[in-house]
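Architecture at a glance
Spelled out, the chains give:
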Amino acid sequence: MNSPTSSAMDNGATGHVHGFYSQTAGKLPVHEPLNASLTADVCVIGGGLAGLTTALELARGGKSVILLEAERIGWGASGRNGGFVSASFARSIFAIEDKLGLDHARALYRLSTEGVGYVRNTIRSSGRDDIIQGQGWLKMIRHADLASLEMRRTACPRLWCHSDVSVEVELASHVSSDRYHAGLLDMGPFHIHPLRYCGLVGELAAQAGVRIFEHSRAVAVSGERGIWQVQTDKGMVRGSNIVIATSAYGGPVSRINQSIRRSRPMWSVRARRNSTKPSASPAV
């Protein structure tokens, strides 16, 4: 484990895009670049929330894990997004119900709420209440159609599996604008400082045994005889599984796809929080 030493800390801004979150992140651990050839059960490419959480849960499940990040932990969207943590999808839950039916909509929403609970529990169990910046979600309307809000409120227990939702007509205590007539207040969602949260998950992953390397861009990937090799500028990682968590930045995805066609199917690893044995499923 290459846990950062107390001297390997910065003020949160070094190496991150300049902005509010990087200026207010506080001390973040600094990880050295990869300068050797190492072996692990799993190599995770990408140090955003997807890669960090996957690495953390795999390590907790007994796997040896190396994580490679091209810049800094949380450098991309994971560390500089709006910070809203809520159970939601790109389409409304009502549209999902219309498309898939009530049972499937409930199952999908329950899955999303598990993610919200995971973030909240990670923060609270670590004693990092400073990461939570606010509580609740207020959806407001600029017309006097209270019936539509009431309809959504009554649908919440049926679809959303919780009833901590209310129609608010006195908005002065929430907002300073007088343009809104009413709002639907849901106390389930909350707001976090995303870069601080990335730093926390990175610390937990390192404590669990994940070897994290920053400024270690994956430049080539190849597979042969059941072993994957991930090449960086100054090092290499060999492992039986790789996880690609580079999102919009792409990384070596095209080269990996070429490797798949030349060699064998790649397996993506899905960590189960309630199991000590992560499961693997074919990448799609």
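Rules of the game
Residues numbered from 1 in each chain as written. Predicted model: local features only at pLDDT ≥ 70, side-chain atom pairs only at ≥ 80, totals over all residues. Heavy atoms only, no water. Helix = DSSP H or I, 4+ residues; strand = E, 2+ residues; numbered from the N terminus. Buried < 20%, exposed > 50% of the residue type's maximum accessible area, 1.4 Å probe, protein only. Contact = heavy atoms within 4.5 Å. Areas by Shrake-Rupley, 256 points an atom, 1.4 Å probe, with all protein chains shown as cover. Axes fitted to C-alpha atoms, helices over the stretch in contact; angles between N-to-C directions. Parallel < 35°, antiparallel > 145°, perpendicular 65-115°, else oblique. Left-handed = near helix turned anticlockwise from the far one by under 90°. Nonpolar A, V, L, I, M, F, W, Y, C, P; charged D, E, K, R; others polar. pLDDT = per-residue confidence, 0-100. Core = buried A, V, L, I, M, F, W, Y, C linked by side-chain atoms within 4.5 Å. Salt bridge = Lys/Arg side-chain N within 4 Å of Asp/Glu carboxyl O. Pairing = 2+ DSSP bridges.

Attention now moves to the overall build of the protein. When helices and strands are tallied, the protein shows seven helices and 16 strands. Out of the 284 residues belonging to the protein, those deemed buried represent 40%. Partitioning the contacts of the protein with sequence separation of at least 6, the portion at a separation of at least 24 is 68%. In the form shown here, the protein has an accessible surface area of approximately 15000 Å², with 51% of it arising from carbon and sulfur atoms.

Located in the positive-phi region is His215, a residue other than glycine, with phi close to 50 degrees. Residue position: His215 is located in the loop between strand 10 (211–213) and strand 11 (220–224). Taking the relative accessible area as the measure of exposure, His215 reaches 44% and is therefore partly exposed.

So, on to the packing of helix 3 (residues 93–100) against helix 4 (residues 102–125). The interhelical angle for the contact between helix 3 and helix 4, taken along N-to-C directions, is 135 degrees, at an axis separation of 7 Å. Taken together, the axes of helix 3 and helix 4 are oblique relative to one another. Relative to helix 4, the crossing made by helix 3 is right-handed. In this structure, helix 3 uses Ile93, Ile96, Glu97 and Leu100 to contact helix 4, whose residues at the interface are Leu102, His104, Ala105, Leu108 and Tyr109. Along the lines of polarity and charge, the residues of the contact of helix 3 with helix 4 split into seven nonpolar, one polar and one charged.

Turning our eyes to something else, we now look at the confidence of the model for the protein. For the protein, the mean per-residue pLDDT works out to 82, and 78% of the residues sit at or above 70. Note on residues 258–284: pLDDT is under 50 here. Beyond four places in sequence and across chains, it has 51 contacts.

A word on the nonpolar core. Nonpolar side chains tend to gather and get buried jointly when the protein is soluble and globular. Counting 34 residues, the largest nonpolar core has Leu67, Ile123, Tyr197 and Val210 as its most contacted members. Of all the secondary structure elements, the ones that give two or more residues to this core are strand 4 (42–45), helix 2 (49–60), strand 5 (65–68), helix 3, helix 4, strand 9 (182–192) and helix 6 (194–207). If one sorts the elements of this core by residue count, helix 6 sits on top with seven residues. For Tyr197, the residues in contact, after removing those within four places along its chain, are Leu49, Tyr118, Val119, Thr122, Ile123, Ile131 and Ile192.

To continue, consider the pattern of salt bridges. Here the structure, examined in full by the defined rule, presents five salt bridges. Salt-bridge contacts for Arg60 lead to Glu57; the nearest nitrogen and oxygen are separated by 3.1 Å. With Arg60 and Glu57 both in helix 2 and three residues apart, the pair spans about one turn of that helix. Assessed through its relative accessible area of 48%, Arg60 is described here as partly exposed. Overall, the relative accessible area of 8% leaves Glu57 in the buried class.

It is worth spelling out the pairing of strand 9 at this point. Across the 11 residues that make up strand 9, a large majority, eight, are buried. As paired strands, strand 6 (residues 84–85) and strand 9 are joined by two bridges and run antiparallel to one another. If you follow Val85 over to strand 9, its bridge partner there is Phe190. With eight bridges connecting them, strand 7 (residues 132–141) and strand 9 associate as antiparallel partners. Bridge pairing links Gln135 to Phe190 in strand 9.

The next subject is the environment of Asp145. Following the sequence through the fold, Asp145 ends up in the loop between strand 7 and helix 5 (146–159). Residue classification places Asp145 among the partly exposed residues on the basis of a relative accessible area of 34%. Between the C-alpha atom of Asp145 and that of His181, which follows or precedes it by 36 residues, the distance is 8.4 Å.

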